[in-house]
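Breakdown of the fold
As a plain string of letters, each chain reads:
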Amino acid sequence: MNVKFHVKKGDMVFVNAGNDKGKTGKILRVDRKNMRAIVEGLNMVSKNTKPNADNPQGGIIKQEAPIHISNLQLVDPSKGGPTRIGRRLNDKGKLVRYAKKSGEEIK
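First, a word on what this report is: a plain description of the structure on this page. (Residues numbered from 1 in each chain as written. Predicted model: local features only at pLDDT ≥ 70, side-chain atom pairs only at ≥ 80, totals over all residues. Heavy atoms only, no water.)

Summed over all chains, the structure comprises zero aromatic pairs. The lysine or arginine in question, Arg 32, covers the ring of Phe 5, its NZ or CZ lying 5.0 Å from the ring centre. The ring of Tyr 98 has Arg 88 lying over it, and the distance from NZ or CZ to the ring centre is 4.1 Å. (Phe/Tyr/Trp six-rings, centres within 6.5 Å; stacked < 30°, edge-to-face > 60°. Lys NZ or Arg CZ within 6 Å of the ring centre and 35° of its normal.)

Dropping the structure here:
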């Protein structure tokens, strides 16, 4: 599956649907096969763990669960709010993402 996503690892995103609607966070990982992303500090779930080397006691830990990428919008680097993404050729002939709200190129 060779699909280009509007978000990638390290992007600041705005959640526009679900329990964490209206919150922002940084993408830690993108699962291309399932079209989901893990966002830092959002969509937290409780997970029971057996004792292991990291956690000798075991117990319940909180961790991030994946969010479908259709529920994420990139945060505009200049205006700060959610924006849609476009692609265009820059002056060096390279295809880059840009924020449709401000027109600014996204690094």
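With that out of the way, let us pick up the pattern of salt bridges. Counted under the stated rule, the structure contains three salt bridges. The partner of Asp 20 in a salt bridge is Lys 23, with the nearest N and O atoms 3.1 Å apart. Judged by its relative accessible area of 14%, Asp 20 is buried. In this structure, Lys 107 engages Glu 105 in a salt bridge whose closest nitrogen and oxygen atoms are separated by 3.7 Å. A relative accessible area of 79% means that Lys 107 is categorised as exposed. In this structure Glu 105 comes out as partly exposed when scored by relative accessible area, which is 30%. (Salt bridge = Lys/Arg side-chain N within 4 Å of Asp/Glu carboxyl O. Buried < 20%, exposed > 50% of the residue type's maximum accessible area, 1.4 Å probe, protein only.)

Glancing now at a positive patch on the surface. A cluster of basic side chains, namely Lys 4, Lys 8, Arg 32, Arg 87, Lys 92 and Lys 94, defines a positive patch on the protein surface. Within the secondary structure, Lys 94 is located in the loop between strand S9 (85–89) and strand S10 (95–99). When its relative accessible area of 57% is taken as the criterion, Lys 94 is described as exposed. (Patch = residues over 30% accessible without salt bridge, like charges linked within 9 Å, V, L, I, M, F, W, Y side chains within 5 Å. Areas by Shrake-Rupley, 256 points an atom, 1.4 Å probe, with all protein chains shown as cover. Lys, Arg positive; Asp, Glu negative; His and termini not counted. Charge placed at Lys NZ, Arg CZ, Asp CG, Glu CD. Helix = DSSP H or I, 4+ residues; strand = E, 2+ residues; numbered from the N terminus.)

Don't take any of this as a statement about function, it's just geometry.
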